[in-house]
Amino acid sequence: MIGKVLRFIKIEHTAFSLPLVFTGAWMGAGHRWPGSRVLALIVMAAVGARIFGMSFNRIFDRHIDARNPRTAGRELPAGHMSVRLALVIAMGGLLIYLIACALLGPWCLRLSPLPLIPLLGYSLLKRYTALCHFGIGLCLALAPLGAFVAAAGHARFSLSVILFALFVFFWLSGADIIYALLDIESDRLNGIHSLPAALGPGGAQVVAAAVHLVALGTLWLLLWQAEIDFWAVACYALTVGLFITMHLPFVPIPKRFFPISTLAGIAGALTPLFV
């Protein structure tokens, strides 16, 4: 049962978000680490929010997934899990998130509904627009902003955390475009909107490359407006290298998304820690 739940929520993909929230928390605490209690509650909120969002993604998409050979084996379309259990998991994630926000203080509790809107709705975007990839980018871009508020105790965002959130937005949005290359035929057959389905593989990869150039430009602006350290430049160079790897045609698409994209995000998250 535990293994089934972990597969359902893709617990290993939490690696996408934790380095980002750590960096946001570090920025919010004034370029130092907040206390262990605050950091633990931030992780708790991030994990709870991810469980909530991923669970509803799977619930909303279960009929679409059943028609796609790549996703037909997932727990809900394959009948290995009931919708009722999936809803229980989603509500459990929501409860974890709200408890963590309440313990983090009034600002976090007051703002806690805002991330839930894109988390609940991003998987529905593919039914209406080929720009759906930017919905998941928005979800993850809110993670460092939320961690900043939790550590700072206010919502007066610094320029650095805004630039970092923009990097996250463009990084994941571009990576999701690449990942959607796996489902072009299924998306076209089932009327699902995506940039690869709309533009074809070549056009979609051009858009993904342009989006990733903006991500790297945003991260460079973050470096440029601060004192540049050798290790910051080294992390940035590693980020650039991993971004390039994401676009190499001989690298299998699943590998480009995970783990290469994940490593690119981690390298990008490390970059501001040295400025």
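Definitions and cut-offs
One numbering rule holds for all chains: residues counted from 1, following each sequence as written. The predicted nature of this model means local features are confined to residues of pLDDT at least 70 and side-chain atom pairs, given and counted, to a pLDDT of 80 or more, with totals for whole chains, interfaces and linings taken over all residues. Calculated side-chain values reflect all of the structure's heavy atoms, with hydrogen atoms and water omitted. A helix here means a DSSP run of H or I that spans at least four residues, while a strand means a run of E at least two residues long, and both kinds are numbered starting from the N terminus. The rule is simple: take the accessible area with a 1.4 Å probe, protein chains only, and divide by the maximum for that residue type; under 20% is buried, over 50% is exposed, in between is partly exposed. Counted as salt bridges are all cases of a side-chain nitrogen of Lys or Arg within 4 Å of a carboxyl oxygen of Asp or Glu. Note on method: axes are straight lines fitted to C-alpha atoms, helices fitted across the in-contact stretch only, with angles between N-to-C directions ranging 0 to 180 degrees. For classification, angles of less than 35 degrees are called roughly parallel, those exceeding 145 degrees roughly antiparallel, those between 65 and 115 degrees roughly perpendicular, and all remaining angles oblique. Helix crossings are classified by the rotation of the near helix relative to the far one: an anticlockwise turn of less than a right angle makes the crossing left-handed, while a clockwise turn makes it right-handed. Whether two residues are in contact is decided by their heavy atoms, any of which lying within 4.5 Å being enough. In this classification, the charged set is Asp, Glu, Lys and Arg, the nonpolar set is Ala, Val, Leu, Ile, Met, Phe, Trp, Tyr, Cys and Pro, and all remaining amino acids, among them Gly, are polar. Here the nonpolar core consists of buried residues drawn from Ala, Val, Leu, Ile, Met, Phe, Trp, Tyr and Cys, with membership extended through side-chain atoms lying within 4.5 Å. Ring pairs shown here join Phe, Tyr and Trp side chains whose ring centres sit within 6.5 Å, with only the six-membered ring taken for Trp; geometry is labelled stacked below 30 degrees between planes, edge-to-face above 60, and tilted in between. Placement of a charge over a ring requires the Lys NZ or Arg CZ to be within 6 Å of the ring centre, with the centre-to-atom vector within 35 degrees of the ring normal.

K.L.:
Where do I start with the environment of Phe22 in this structure?
P.N.:
The topology assignment puts Phe22 in helix α2 (residues 18-28). The class of Phe22 is partly exposed, set by a relative accessible area of 29%. Sequence separation of Phe22 and Leu159 is 137 residues, and the distance between their C-alpha atoms is 17 Å.

K.L.:
Which parts of the structure should I look at to understand the pattern of salt bridges?
P.N.:
Side chains carrying opposite charge are able to pair once their charged atoms draw close together. Taken as a whole and assessed by the stated rule, the structure comprises 4 salt bridges. With a shortest N-O distance of 2.7 Å, Asp61 and Lys126 are connected by a salt bridge. Here the residue Asp61 occupies a position in the loop between α3 (36-60) and α4 (62-66), and Lys126 occupies one in the loop between α7 (113-121) and α8 (133-152), the gap between them amounting to 65 residues. The exposure classification of Asp61 matches that of Lys126, with both residues buried. Where Arg74 meets Asp65, a salt bridge forms, and the shortest distance between an N and an O atom there is 3.3 Å. For the pair Arg74 and Asp65, one class covers both residues: buried. Three or more residues are tied together by salt bridges with common partners; here these are Asp61, Lys126 and Arg127.

K.L.:
What should I look at first to understand the packing of α2 against α3 in this one?
P.N.:
Helix-helix packing is described using two parameters, namely the angle between the two axes and the distance between the axes. One can describe the packing of α2 onto α3 by two numbers: an axis separation of 10 Å at closest approach and a directional angle of 140°. Between α2 and α3, the angle is such that the two are oblique. You can see that α2 and α3 cross each other, and the crossing is right-handed. Along its contact with α2, which presents Leu18, Val21, Phe22 and Ala25, the element α3 presents Leu39, Ile42, Val43 and Ala46. Split into classes, the residues belonging to the contact of α2 with α3 amount to 8 nonpolar, no polar and no charged.

K.L.:
Where do I start with unusual backbone geometry in this structure?
P.N.:
Leaving glycine aside, a negative phi is the common case for residues, and trans is the common case for peptide bonds. With an omega of 20°, the peptide bond running from Phe258 to Pro259 counts as cis. As for its position among the elements, Pro259 is in helix α13 (residues 253-270). Here the phi dihedral of His31 falls at roughly 60°; this positive angle occurs in a residue that is not glycine. Considering the arrangement of structural elements, one finds His31 in the loop between α2 and α3.

K.L.:
Explain the nonpolar core here, please?
P.N.:
Within soluble globular proteins, side chains that are nonpolar tend to cluster in buried spots. By size, the foremost hydrophobic cluster in this structure holds 46 residues, and its most contacted members are Phe164, Phe167, Val168, Trp171, Phe243 and Met246. Among the elements of the structure, α2, α8, α9 (159-179), α11 (195-224), α12 (230-246) and α13 are those that each provide at least two residues to this core. The dominant element in this core, judged by the number of residues it contributes, is α9, at 13 residues. Sequence-distant contacts of Val168, that is, excluding residues within four places in its chain, are made with Leu20, Leu140, Ala141 and Pro144. Of all hydrophobic cores here, the second largest spans 33 residues; its members include Phe8, Leu41, Ala45 and Ala100.

K.L.:
For this particular structure, what's the right way to read the packing of α9 against α12?
P.N.:
Where α9 meets α12, the axes come as close as 11 Å, and the angle between the chain directions of the two elements is 25°. Compared by their axis directions, α9 and α12 come out roughly parallel. Viewed along their axes, α9 and α12 form a crossing whose handedness is left-handed. The segment α9 lies against α12, with Phe167, Trp171, Ala175 and Ile178 engaging Thr239, Phe243 and Met246. Taken together, the residues that form the contact of α9 with α12 break down as 6 nonpolar, 1 polar and no charged.

K.L.:
Would you mind going over α7 with me for this structure?
P.N.:
Count 3.6 residues to each turn of an α-helix, and residues three or four apart come out pointing the same way. Listed as buried for α7 are Leu116, Pro118 and Leu119. Taken together, the buried residues of α7 touch α3, α5 (83-104) and α8.

K.L.:
For this particular structure, what's the right way to read the side chain of Thr218?
P.N.:
Looking at where Thr218 falls in the secondary structure, it is placed in helix α11. Setting aside chain neighbours within four positions, we find Thr218 in contact with Leu163, Leu166, Phe167 and Phe170.

K.L.:
Explanation requested: the packing of aromatic side chains in the structure shown.
P.N.:
To describe a pair of aromatic rings, you give the distance between the ring centres and the angle between the ring planes. A complete count under the given rule lists 11 aromatic pairs for this structure. Taken together, a centroid distance of 5.1 Å and an interplanar angle of 75° make the contact between Phe230 and Trp231 edge-to-face. By relative accessible area, which is 52% here, Trp231 ends up exposed. These aromatic residues form a ring-pair network of at least three members: Phe164, Phe167, Trp171 and Phe243. Against the face of Trp107 rests Arg110, its NZ or CZ located 5.1 Å from the ring centre.

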